[in-house]
Amino acid sequence: ERGGFKHFMLKEIFEQPRTVGDTIKGYVSRDYLLPFNLRDFRRILILACGTSYHAGLVGSYWMNKYLQTPVEVMYASEFRYADVPVGERDLVIAISQSGETADTRYSALSAKEKGATVLSLVNVMGSALDRESDYTLYTHAGPEIGVAATKTFTSQLAVLYSLAVSHLPDRDRFMEKLSSVPHMMEEVLGEAEQIKKVALKYANRKNMLYLGRYLSYPVALEGALKLKEISYIHAEGYPAGEMKHGPIALIDENMPVLVVVPRDRVYEKVLSNIEEVLTRRGSVISVGFRDDETLTKVSKDLIGVPEVDEDLTPFLTVIPLQLFAYYIADHLGLDVDQPRNLAKTVTVE
Ligand code: F6R
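A quick note: this is a predicted structure, and the numbers were derived from the prediction, not measured.

(A) Focus on helix α14 (residues 313-331). In a regular helix each residue adds 1.5 Å, so 19 residues correspond to 27 Å; α14 covers 28 Å between its end C-alpha atoms and thus fits that length. Burial analysis of α14 places 17 of its 19 residues in the buried class, which makes it a mostly covered element. Residue G333 follows α14 closely and has a positive phi angle near 75°.

Below, the structure is given as structure tokens:
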């Protein structure tokens, strides 16, 4: 059932071109369309936990860009006790792979009680959150067995992108661009052996810092989460622009810094963060566009992905980070699909 793969996680990483393709298919036509326009709301509040929260963060950048409606993202576990004013003119988007995460469910229920419209984004049809929401959209990723979320993250991205552009007059053009993503993901997966080689150089490290800015910031958070949960290596994801406000103190020759740096609007800024790391003798592993000669020069290791429109970079840059964590954990002989202390579904608060 693992289809020749050593672990479900690896199988699920490799399934992504298909699962993202299936999800896009569900949203290319307008059939799924909601009986409201996202722009009708005063505010959009995205609530989720863990990896689903990271997808929500990426979605918030797209929505801020295209909707011009204020969008906020909050950990559902924080929202519950934070006295956030919510009312009838708010749309709450609750994101959960399982649809059973207690904090996400109860946050959605309380927002609903206060009059907000709740739209959930789930992978498991018929799950509690699915039943409890006003509207549901599905990520057509198929069952995810590995405890570490991988393919559901990229499917959540596909739905969030579709939503962010749904009202645009040239929506079809955006959806066409999105439809080119699965093929490019295939190309990234074709580099798995090279990614493995890079990863294994860092398997014995105790700490790592992951940096990214703009859309690559949530990707950095997600990469660090993958590494800590399955390899038990301490990894911290941080917004690249915040490094100088604290984490830079950690950098010396023993601190590998993985930087997610596609050629986007913040590229030059992130390059100067890389220079700051180099000055302090940190070693830089960068995930960027594959033909990037500047990056090649400043990085100890460069993992290249195909060049793509900046909006769509997270679909590609997250894959090397998933594989990076996987290969290290497997090399360390750890139980990749069932990491210690973790459960696939967190139904306790
Ligand atoms: C990370 C991971 C968890 C989940 C989190 C939310 O790999 O699997 O962080 O993302 O527990 O789960 P769902 O999406 O089911 O609400």
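(B) Geometry of the environment of A343. If you trace the backbone, A343 turns up in the segment after α14. Judged by its relative accessible area of 46%, A343 is partly exposed. Separated by 197 residues in the primary sequence, A343 and G146 have C-alpha atoms spaced 9.8 Å apart.

(C) Quick peek at helix α12 (residues 267-279). With 13 residues, α12 should reach 18 Å at 1.5 Å per residue; the first-to-last C-alpha distance of 19 Å fits that figure. For α12, the full list of buried residues reads Y267, V270, L271, N273, I274 and V277. With its buried residues spanning 155° around the axis, α12 presents them on a single face. Seen from the open side of α12, the exposed residues pointing more than 90 degrees away from its buried face are E268 and T279.

(D) Summary view of the sheet that holds strand β2 (residues 71-75). Across the sheet, which stays open at both edges, the five strands sit in the order β2-β1-β3-β4-β5 with parallel pairing between neighbours. Either end of the sheet is taken by a strand with one partner, and the two such strands are β2 and β5 (135-138). Adjacent strand axes in the sheet meet at a mean angle of 20°, parallel and antiparallel pairs treated alike. Across four bridges, the pairing between strand β4 (residues 117-122) and β5 is parallel. Its bridge partner being in β5, V122 is matched across the sheet by Y138. Here helix α5 (residues 102-113) sits on the sheet in contact with β1 (43-48), β3 (90-96) and β4, set at roughly 165° to β3.

Rules of the game
Along each chain, residues carry numbers from 1 onward, in the same order as the chain's sequence is written. Only residues with pLDDT of at least 70 are given local features in this predicted model, and only at 80 or more are side-chain atom pairs given and counted; all residues enter the totals for whole chains, interfaces and linings. To get the side-chain values, take all heavy atoms of the structure and skip hydrogens and water. Helix and strand definitions here come from DSSP, where helices need a minimum of 4 consecutive H or I residues and strands a minimum of 2 consecutive E residues; each element is numbered from the N-terminal end. Expected span of a helix: the number of residues minus one, times 1.5 Å. Accessibility here uses a 1.4 Å probe with only protein chains present; expressed as a share of the type maximum, an area under 20% marks a residue as buried, one over 50% as exposed, and anything in between as partly exposed. This arc is taken over the directions from the axis of the helix to the C-beta atoms. DSSP calls a pair of strands paired once it identifies at least 2 bridges connecting them. Every axis in this analysis is a line fitted to C-alpha atoms, fitted for helices over the stretch in contact. Angles between the N-to-C directions lie between 0 and 180 degrees. Residue contacts follow a heavy-atom distance rule, with two residues in contact if any of their heavy atoms lie within 4.5 Å.

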